[in-house]
Amino acid sequence: MRLLTGLWVLSAIVYATAAAAAAPSASPKADPEKGKQTAMAICAACHGPDGNSPTPANPNLAGQHAEYIAAQLAAFKSGARPNAIMAGMSATLSPEDMRNVGAYYARQVPKGGAAKDKALAERGQLIWRAGIKQGNVPACAGCHGAAGAGIPVQYPRLAGQYAELTLGWLKAYQSGARAHGVMGPIASRLTEADMKALAEYIAGLR
């Protein structure tokens, strides 16, 4: 009996050790200060030092979810999200660098934008809040939140994003130039007028 008990204890120890070795280690905590250094050296020229982009050609990153930024940087680096400029910018970044940059920009305060066309924004608001029933288009707020804050990792913050950029992304989803299991089918059911209305409304969200 003692021998059997000893063997059982030994087996339990071996199993526990093996399981611990096989378990993935937790990612180290992101360092926003290191992220700031990387952002100033690589990202600031296009996205602004505080993540508020100075031009509609580049998205605002201030207040964006850290996990989403890190995931997109990884996608640019791997080629899963094709973009020649961002592929070059992300080429030298390690997973730790990406987490740090994400953490830095997530802490920055978005300045917010403004809608320029009231009628267009009002049409966009209807789609954002209620979708388009006859077109089988769900409400955008279901995933991106009533105020456009998004959901970490899965769905980005969109509030205050440049209308030109949002329209470009929707068109890319529609054409398949940017693949996404959720947004592709939704964008395919939107007219260009719908996309312009949504982009205008999103620009004014805060």
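Scope of this entry: the structure provided in the associated data block. Every value quoted in this text rests on a predicted model; they were computed, and no experiment measured them.

1. Quick notes on empty space enclosed by the protein
Counting across every chain of the model gives one cavity of 30 Å³ or more. Its boundaries defined by the atoms lining it, the largest cavity holds a volume of some 100 Å³. Along the walls of the largest cavity sit 15 residues, with N60, A62, P110, R157 and A159 positioned nearest its centre. Class assignment for the residues of the lining of the largest cavity results in six nonpolar, six polar and three charged.

2. What about unusual backbone geometry?
Working note: non-glycine residues mostly have negative phi, and peptide bonds are mostly trans. Positioned with a positive phi, N136 is a non-glycine residue whose angle comes to about 55°. Counting through the fold element by element, N136 comes out in the loop between α6 (118-130) and α7 (141-144). On the basis of relative accessible area, N136 is assigned to the exposed category, the value being 54%. Residues other than glycine seldom take positive phi values, yet V153 does so here, at roughly 75°.

3. A few points about the layout of surface pockets
Looking at the second largest pocket, its volume works out to about 230 Å³. Lining the second largest pocket are 16 residues; nearest its centre among them are G113, A114, Q161, Y162 and A163. Elements that contribute at least two residues to the lining of the second largest pocket include exactly α8 (163-175) and α10 (192-204). Among the residues making up the lining of the second largest pocket, the classes are represented as five nonpolar, seven polar and four charged.

4. Observations concerning α10
Each turn of an α-helix holds 3.6 residues, which means side chains three or four residues apart point in the same direction. With 13 residues, α10 should cover 18 Å at 1.5 Å per step; its first-to-last C-alpha distance of 19 Å lies within 8% of that length. Among the residues of α10, those classed as buried are D194, M195, A197, L198, A199, E200, Y201, I202 and A203. Buried residues belonging to α10 abut α6 and α8.

Reading the values: rules and limits
Residues numbered from 1 in each chain as written. Predicted model: local features only at pLDDT ≥ 70, side-chain atom pairs only at ≥ 80, totals over all residues. Heavy atoms only, no water. 1 Å grid on protein atoms, 1.4 Å probe; cavity = no way out; pocket = protein on both sides within 12 Å on 5 of 7 lines; lining within 4 Å. Points joined across faces, edges and corners; volume = space filled by probe spheres on them. Nonpolar A, V, L, I, M, F, W, Y, C, P; charged D, E, K, R; others polar. Helix = DSSP H or I, 4+ residues; strand = E, 2+ residues; numbered from the N terminus. Buried < 20%, exposed > 50% of the residue type's maximum accessible area, 1.4 Å probe, protein only. Expected span 1.5 Å × (residues − 1). Contact = heavy atoms within 4.5 Å.

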